[in-house]
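Structure assessment
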Amino acid sequence: GPRDQLSLADEARGSVVIITGDVPMGVSAQDARAHIVLIGLTNGGSAFSPVLVTPDALAEQWDGGALSGTLCVDLNGAAHARVETGAGEDFGQRVADAAKDRGLCAGTIIGSSYGADALQLNAGDALRIWMDDARHKPIFGVIEQEALAG
């Protein structure tokens, strides 16, 4: 979960993810956008944000295929990365690519092509990942993890 301890072997990399409904094989990128049902954050797949949001709830931050905002990653209380998301990203295309040769079942998770660089963690390091809305409130909640040895 978003507050689980993090193994040093886990990848520490903040990024945006989408979750699909059922997607038919061979869907176009434009039509694939309608099959994106939830959006959230991940820490390299080892943890997901505590809140997933529907595209409609994101209003102007979601253009149908990309999430615009600043992905924030702090390490030990200091800013590590601030990544502007959205530019050049098209989750509709990523869904269409994944469904090229087979349909996708509801609940398929697809990660973004952008994100914060992977971190090399040490035991005791504290990692925090989030994205704020226009009112400076975390849209997806916050992933907060501590790295443990072994």
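Scroll up a little and you will see the structure.
Cut-offs applied
Residues numbered from 1 in each chain as written. Predicted model: local features only at pLDDT ≥ 70, side-chain atom pairs only at ≥ 80, totals over all residues. Heavy atoms only, no water. Helix = DSSP H or I, 4+ residues; strand = E, 2+ residues; numbered from the N terminus. Contact = heavy atoms within 4.5 Å. Pairing = 2+ DSSP bridges. Axes fitted to C-alpha atoms, helices over the stretch in contact; angles between N-to-C directions.

Time to look at the environment of Gly14. By secondary structure assignment, the location of Gly14 is in strand β2 (residues 14-20). Separated by 67 residues in sequence, Gly14 and Ala81 have C-alpha atoms that sit 9.1 Å apart. When near neighbours in sequence (up to four residues on either side) are disregarded, Gly14 contacts Thr42, Leu71, Val73, Gly115, Ala116 and Ile129.

Moving on: the sheet that holds β2. Strand order in the open sheet formed by three strands is β3-β2-β6, and the pairing between neighbours is antiparallel. Looking at the sheet topology across the chains shown, the edges are occupied by β3 (36-43) and β6 (109-111). When the angles between neighbouring strand axes are averaged without regard to direction, this sheet yields 30 degrees. Bridge analysis of β2 against β6 gives three bridges, and the strand direction is antiparallel. In the strand pairing of β6, Val17 is matched with Gly111.

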